[in-house]
Structures are given as C-alpha cells and as structure tokens.
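Chain residues, written in single-letter form:
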Amino acid sequence: MRRFGLVALGAVLLLMPVVPHAQDAQTKSVEDSATKNARQARTVLDAMLQAMGGQAWLDVKNRYQHGHIAGFYHGVPNPGTLEVFEYHAWPDRDRIDATKKRDVVTFYVGREAWELTYRGKRPLPQEQLDDYLRRRDHSIETAMKVWLHDPKTILVYEGQRLAARHLTDQVTLISANNEALTIMIDTQTHLPVKRDFQWRDPEYKDKNTDSEEYDDYHTFDGIPTPMRITRYKNDEIVRQYYIDKVDYNQDLGADFWNVNATAARIKK
C-alpha cells in the first residue's frame, strides 16, 4: 500500500514541472501565430500601397477633384445632384466649393470648419464637424501615413472576404488608442475596395458603422484614383460621389487656404 502511494506521489511530482513548460510552449505558439498573422497583414498593406502609387502617393502635396454628389435618405436618392470642386492637402486641410458659381465654400482646417456664403462666414454645426473629423481620423490615408508607423499599432489579417462584388483580403488596424479600422483590398489589383470603422453615438451609446466603397479606378499622374465613392452608415447608403476630373500637386496660390480672404471674395 505504501509502495503504491510512493509510486503515485512520484508520478505526480514528475508531472508537476511539465505544466509550466507546456504553458510556455502554448504561449510561444500563440505569439508566433500572432507575429505571422501581423506579417501577412503588413504584406497585404504594402502591396496596396504599391498599387496606389507607392512613394508618389505618399508624397502627394494636394489633390483636386471635380464631380457631383448624390444624397440618399433611407436608401432612396434625393432629387438632383450637387456639383462640387473639392481640394485636399495632407494632413488636415479640405476645401469644398459648391455650385457652378462656387459661391458656397466649406473649409476644414485642423479641427475647425467654416461655411462661407454671400451672408459671410459661420462655423459649421458641431455634428457636421464631428462627422468629418471621424472620417478623416479613420481614413486610409491616415492609416497608412500615421497608424502604420506607430509601433503600438496592431495589425490583423482576417482572411478573404467578398466586398462590393470583389474578392478581397481583409486587414484591420488597431491603434494605440484602441481605435479600429478595417480595409478590404482587391486580391488581384491590390487596390482598396472598402473601408470600415465603428463609433459610439455620444447620446444613445449605441455603435454605428461608417463605410466607404471605392470603384472605377482611373490613373492620374501615376496614382490610381477611384472615380466613384459610395458612403454607408450602418449598411445604408447615404451618399455617392461621382468624380469627373482629378489633378494632383497643383499650385494653389499663397492664400488658397485663407478662410477670411476667400470669404471677402464671395459676392455679397
């Protein structure tokens, strides 16, 4: 009886050191898997960057787009479209001239925004500004130029998915602030097809999904550019942007981003 008890105790003692080693092996396996996954995500993002123009895309000074915007309400298009002349300069300047006379101008500069009309200059409503800032902070441009260079950003490759009738590689970036951005990238062209992120409503506390789809790419100055951009909120279409003309790296003039100078030029 005693012999059996000693044998049993010895067996238990022999087994005890194995548990930490097994846990270490399991932890290492998980870490190796995460590292491999992040490396695959990075490879997909690097291919996307090259497809978008590589260093030329990263070095873009500004972008000009002329097109028409169609609005939607509960998935039904509003009558007519709005003609817009849109300018963007990295990292935080946007200007939108609307109507053929270009007498309605919206500026987004830094974390502020104004609308200029013949009545003068007024700040944009906070809700409209917040919507713009969310989308800018979660744009593909911000992800590639800021998030990707932060060592605290986590990259996750999530496999292949269908998006806008394209087979895509899906990659999610999680920032140091725990903000997530998902990009779906065409497996053949390596161009972005869709961008998703979620945000919590400050009043109702529920989560909303903001999505953009990119289609009909044409190349300008060596940079493939989507000529149709469709925006969704909670999977419901809210806007389509049909682009007719694109130019990169224009000489915009010394006071182009001067809000007060532009306001003074609009006829009263």
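Keep in mind the model is a prediction, meaning the values are calculated, not measured. (Residues numbered from 1 in each chain as written. Predicted model: local features only at pLDDT ≥ 70, side-chain atom pairs only at ≥ 80, totals over all residues. Heavy atoms only, no water.)

Novice: I keep staring at the environment of Asn37 and nothing clicks. Help me out?
Specialist: Relative to the assigned elements, Asn37 resides in helix α2 (residues 18-52). Put simply, Asn37 and Ala51 are 14 residues apart on the chain and 21 Å apart in space, counted from C-alpha to C-alpha. The residues touching Asn37, leaving out its near neighbours within four places in the chain, are Leu155, Val156 and Tyr157. From its side chain, Asn37 meets the backbone nitrogen of Tyr157 in a polar contact 2.8 Å long. (Helix = DSSP H or I, 4+ residues; strand = E, 2+ residues; numbered from the N terminus. Contact = heavy atoms within 4.5 Å. Polar contact = N/O pair within 3.5 Å; in protein donor to acceptor, adjacent residues only side chain to side chain.)

Novice: Looking at this model, I keep getting lost on the pairing of strand β4 (residues 93-98). Mind explaining?
Specialist: In regular strands, side chains alternate between the two faces of the sheet. Examined bridge by bridge, strand β3 (residues 82-89) and β4 share six bridges and lie antiparallel to one another. For Tyr87, the partnering residue across the bridge sits in β4 and is Arg95. Note: β4 against strand β5 (residues 104-109), six bridges, orientation antiparallel. Residue pairing across strands places Ile96 opposite Thr106, the latter belonging to β5. Here β4 hands over to β5 after five residues, with Thr99 in that stretch at a positive phi of 75 degrees. (Pairing = 2+ DSSP bridges.)

Novice: I keep staring at the packing of aromatic side chains and nothing clicks. Help me out?
Specialist: Enumeration according to the criterion identifies five aromatic pairs in this entry. A ring pair is formed by Tyr87 and Phe256, whose centres lie 4.7 Å apart and whose planes are at 65 degrees; its orientation type is edge-to-face. On the criterion of sequence distance, the pair formed by Tyr87 in strand β3 and Phe256 in the loop between β14 (236-248) and α6 (259-265) is long-range, its members being 169 residues apart. Of the two residues, Tyr87 and Phe256, neither departs from the other in class, the shared state being buried. Seen from their ring centres, Tyr108 and Tyr132 are 3.9 Å apart, and the 25 degrees between their planes marks the pair as stacked. Of the two residues, Tyr108 is situated in strand β5 and Tyr132 in helix α4 (residues 126-137); the sequence distance between them amounts to 24 residues. Tyr108 gets classed as buried once you look at its relative accessible area, which sits at 7%. On the accessibility criterion, Tyr132 (8% relative accessible area) is buried. Put simply, the rings of Tyr64, Tyr87, Phe107, Phe256 and Trp257 pair up and form one aromatic cluster. One Lys or Arg, Arg134, reaches over the ring of Trp199 and ends 3.5 Å from the middle of that ring. Seen from the ring of Trp57, Lys145 lies directly overhead, with NZ or CZ sitting 5.5 Å from the centre. (Phe/Tyr/Trp six-rings, centres within 6.5 Å; stacked < 30°, edge-to-face > 60°. Buried < 20%, exposed > 50% of the residue type's maximum accessible area, 1.4 Å probe, protein only. Lys NZ or Arg CZ within 6 Å of the ring centre and 35° of its normal.)

Novice: Quick question: what am I supposed to make of unusual backbone geometry here?
Specialist: Peptide bonds are, in most cases, trans, and in most cases residues other than glycine have a negative phi. Each neighbour pair has its own omega, and for Trp90 with Pro91 the value is 10 degrees, a cis peptide bond. Note that Pro91 resides in the loop between β3 and β4. Of note in the backbone geometry, Arg102 takes a positive phi value of approximately 55 degrees without being a glycine. Its place among the elements puts Arg102 in the loop between β4 and β5. Arg102 gets classed as partly exposed once you look at its relative accessible area, which sits at 30%. Despite not being glycine, Asp216 has its phi angle at roughly 60 degrees, a positive value. In this fold, Asp216 is placed in strand β12 (residues 207-220). Given a relative accessible area of 37%, Asp216 falls into the partly exposed group.

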